[in-house]
Structure formats: C-alpha cells, structure tokens
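# Inside the fold
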Amino acid sequence: MNAEARAAAERLLQAASWYMKVQSGEMDRAAFAAWLADPQNADAWARANRAMGVIADHAGGRAMAGFRRAALEDMQQAGRRRSSLRWKMAIAAMLLAGLLGGGAYYRLTAPDDYRTAFHERRVVTLADGSRIALDSDSEATVRYTKGARNIRLVKGQARFDVAHDASRPFSVSARDEKIVATGTAFNVDITQPRTLVTLIEGHVVVSGGNSLRSFVSGLVSASPRRRPVALHAGQQLAAAPDLAPVVSTADMRAALAWTSGQLIFDNQPLPDVVARVNRYARRPVVIADPRLEQLRISGSFNTGDVAGFLDIVTHYLPVERTTDADGNIALREK
C-alpha cells in the first residue's frame, strides 16, 4: 500500500472513530469541527456515514446482523482495553460491513439519476406511481429503500406529485432544506439564491440545516437547529443559509407556469427575469449596463421565446439590444 492509500485508510478510520463518538455524545465539538474542515477528512466522513447507512439498511438480514453484532462487541472490548491496534481493527470491521458487505445491496438500490438539458422539460413516473416533472437544466437523484423514498434535487426546479404511502415517507433534499411528505404535490425551485418550496396540495414539513456546512456550523456555534416548518396548500417557503425562513401566500399561477411552458413575472427585477429566461435560451441574454439592474418588469412569456421577450423589453423599457463579440445578446440603456 502506497503512502496515499495509507493516508486515505487512516482518514477513514478516523471518520469511523468520530462516528462512534458522535453517536455516543462523547465528543469534543471544536476538535471535530477542526478535523472536518479538511476536505479530505470531510470526504472520509461522508464515506463512513454511507457505510453506516448501508449497515442500517441491512439490519434485518441475518448475516449482516451477525457481522454488525460481532464488530460492535470488538469495538466495545477495544475501547475498554485502550488498545490502539484493536480499536482500529474493530472500526475497520464496521466499515467493511458497510463498504464491502453492502456492495451488492447498494448496486441493487443505487440511485437513479434524471436530468434535463437546456430548453427541455421531462416528466418521470417512479416505481410507486409518484411523478417528478423536471424543468429545463434540472437534475434529481432517486433512491427507494424498504422504509423510505429519498430524492435529491441537485439543480434546477421540479414538481413532485407523491403517491400516498404512510409507511414510506417521501423526502426531497434541496440545498440545505429537506421536505418530507407521504402523499401530496409540491414544487421546489433552487434556480435562485433562495430555495423556494411551494405546496400545491396536501401538507409537507420542511426542515433546514441538513447540509454538511450547516452541520459543522452547528457544532461550532452550538446553536439549536431550526424548527421544522409545516406548510399548508397555497403557501410558499423561501429559505436561505443563515436566514430565518419566510412563509407567504404563493402566487400559484406564477410558481407553476413553467410546467405549461410559460414564465410569469410580477414587478420583478430585470436581472432575475433575464436569469430565468436564459434557462431556456440557446444564446444567453446579458445585461451589459449596470444601470439596467434597477429596472423591473411584469409580463407573461413563452419559455424559449427569447425574441418575443426582447421585443417586449425593448418596447416598454428604456433598453436596446446589441450583439457582443461572443454572439450573445447584450442589453444596454438607450
């Protein structure tokens, strides 16, 4: 084993050791935060957590249960004897249970990845009958297990129509937010600085602080986690890191217009409107004059109809269009 492989293995052992300390509550928060600040350590921590998750998924299996029980006994004995070598061996056994013993299981339940290109929309029907409608330039990963339906919105925007199953909660992770439901319909938008969760029907619970960044921040500050927020049909939650979430009555027509190929804006800043239009444009529109950033616009546009958008902008606002050296459409003040 070369030096790089040895270092990676040592980090993995350290991650497993920290995992056990976190579970027991016997840990130095500042020391853990300092260790986790190293990107390579953070990667090892994520791998260790995945391994322990696989062990949890296998809990009902006789072989895995026996492996886990033996590894835990070894770890407890190693802790009492304070033997560094035995401690490392016990941790390694736990990791092997997840990383190696769970390899076949993971392949069978590996996440499915769905994505769309620019100016493309797509509707995906999942195994349980739930549907995901993906907006342009969006991506979602789906992983179903016996007890949970887990989705991660990687980028873009999506509408989720959830088939009811009280025994398997349906959860969507988007940036720092986690939305949990059993049977409902909601829209999640991470195309803007704020994460927007719009509830169409039913009810959902949204909790924050689910990212690794938030986890480390909480360890350092020892501040309480944000309380989960329950949404009712017709409400929208806007959330951003380090800010309290804001719940308001949603403009449902505007929030869901993209699903029918439209964009609706109501007195919104021109840069925000241009950014949304560009999600469907083959050639991006660029605001080349900072004086235009103060302008606001209202209107309804068809997605992908950049020419129609430009006609309206240049007709009703003091704006003119030019073409820059890269062939992009540039907007300047008249």
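In what follows, the structure referred to is the one given above.
From N to C terminus, the protein includes ten helices and 19 strands. Buried positions account for 41% of the 334 residues belonging to the protein. A separation of at least 24 residues holds for 51% of the contacts in the protein among residues at least 6 apart in sequence. When the accessible area of the protein is evaluated, it comes to approximately 18000 Å², of which 51% is carbon and sulfur surface.

The subject of this paragraph is the sheet that holds strand S9 (residues 185-189). The antiparallel open sheet is built from seven strands, whose spatial order is S2-S3-S6-S9-S10-S13-S14. What marks the edges here is a single partner per strand, and that holds for strand S2 (122-125) and strand S14 (246-249). Strand-to-strand, the axes of this sheet are offset by a mean angle of 20 degrees, without reference to chain direction. When strand S13 (residues 235-239) meets S14, the two strands line up antiparallel, connected through four bridges. Bridge assignment links Gln236 to a residue of S14, and that residue is Ser248.

Time to look at the pattern of salt bridges. Overall, the coordinates contain nine salt bridges when judged by the stated rule. Asp189 is the salt-bridge partner of Arg276, the closest N and O atoms lying 2.8 Å from each other. In this pair, Arg276 sits in helix H9 (residues 270-278) while Asp189 sits in strand S9, placing the two residues 87 residues apart along the sequence. Here Asp289 and Arg291 are joined by a salt bridge, their closest N and O atoms 2.8 Å apart. When salt bridges that share partners are traced, they join Asp113, Arg115 and Glu139 into one network.

Let's shift gears to helix H10 (residues 306-316). For H10, every residue scored as buried is listed here: Val306, Phe309, Leu310, Val313 and Thr314. Buried residues of H10 fall within an arc of 120 degrees about the axis and therefore sit on the same side. Turned more than 90 degrees away from the buried face of H10 sit His315 and Tyr316, all of them exposed.

It is worth spelling out the side chain of Arg168 at this point. Mapped onto the elements of the fold, Arg168 is located in the loop between strand S6 (157-161) and strand S7 (170-174). Of the residues examined, Arg168 reaches a relative accessible area of 17% and is grouped as buried. Polar side-chain contacts of Arg168 include one of 3.0 Å to the backbone oxygen of Thr145. For Arg168, the residues in contact, after removing those within four places along its chain, are Asp128, Tyr144, Thr145, Lys146, Gly147, Ala148 and Arg149.

This next bit is on the packing of aromatic side chains. If you walk through the whole model with that rule in mind, you get six aromatic pairs. Aromatic pair Phe160 and Phe170: ring centres 6.2 Å apart, planes at 65 degrees, arrangement edge-to-face. In this pair, Phe160 sits in strand S6 while Phe170 sits in strand S7, placing the two residues ten residues apart along the sequence. As far as the burial class goes, Phe160 and Phe170 line up, both buried. Among the aromatic residues, those joined into a ring-pair cluster are Phe32, Trp35 and Trp45.

Our focus in this paragraph is the side chain of Asp135. Looking at the element boundaries, Asp135 is found in the loop between strand S3 (131-134) and strand S4 (139-144). The side chain of Asp135 is buried and forms no salt bridge, while Arg279, the nearest opposite charge, is found at 4.0 Å. Within the local environment of Asp135, its side chain forms a polar contact with the side chain of Gln157, the two groups lying 3.0 Å apart. Among the polar contacts listed, one links the side chain of Asp135 to the side chain of Tyr280, at a separation of 2.6 Å. Residues within four places of Asp135 in sequence aside, it is in contact with Thr116, Glu120, Arg121, Gln157, Trp258, Arg279 and Tyr280.

Moving on: the sheet that holds strand S16 (residues 285-287). In a beta sheet, neighbouring strands are held together by backbone hydrogen bonds and run either parallel or antiparallel to one another. Here three strands make up an open sheet; going across it, the order is S16-S19-S18 and the pairing mixed. Pairing within the sheet leaves two strands with one partner each, and these edge strands are S16 and strand S18 (319-323). For this sheet, the mean inter-axis angle between neighbouring strands, taken without regard to orientation, is 35 degrees. Pairing analysis gives three bridges linking S16 to strand S19 (residues 329-333), with the strands arranged parallel. Across the sheet, Val286 pairs through a bridge with Ala330, a residue of S19. Docked against the sheet, H9 engages S16 and S19, running at close to 160 degrees with respect to S16.

The rules behind each value
Residues numbered from 1 in each chain as written. Predicted model: local features only at pLDDT ≥ 70, side-chain atom pairs only at ≥ 80, totals over all residues. Heavy atoms only, no water. Helix = DSSP H or I, 4+ residues; strand = E, 2+ residues; numbered from the N terminus. Buried < 20%, exposed > 50% of the residue type's maximum accessible area, 1.4 Å probe, protein only. Contact = heavy atoms within 4.5 Å. Areas by Shrake-Rupley, 256 points an atom, 1.4 Å probe, with all protein chains shown as cover. Pairing = 2+ DSSP bridges. Axes fitted to C-alpha atoms, helices over the stretch in contact; angles between N-to-C directions. Salt bridge = Lys/Arg side-chain N within 4 Å of Asp/Glu carboxyl O. Arc of directions from axis to C-beta. Polar contact = N/O pair within 3.5 Å; in protein donor to acceptor, adjacent residues only side chain to side chain. Phe/Tyr/Trp six-rings, centres within 6.5 Å; stacked < 30°, edge-to-face > 60°. Lys, Arg positive; Asp, Glu negative; His and termini not counted.

Function cannot be inferred from these measures alone, as they are strictly geometric.
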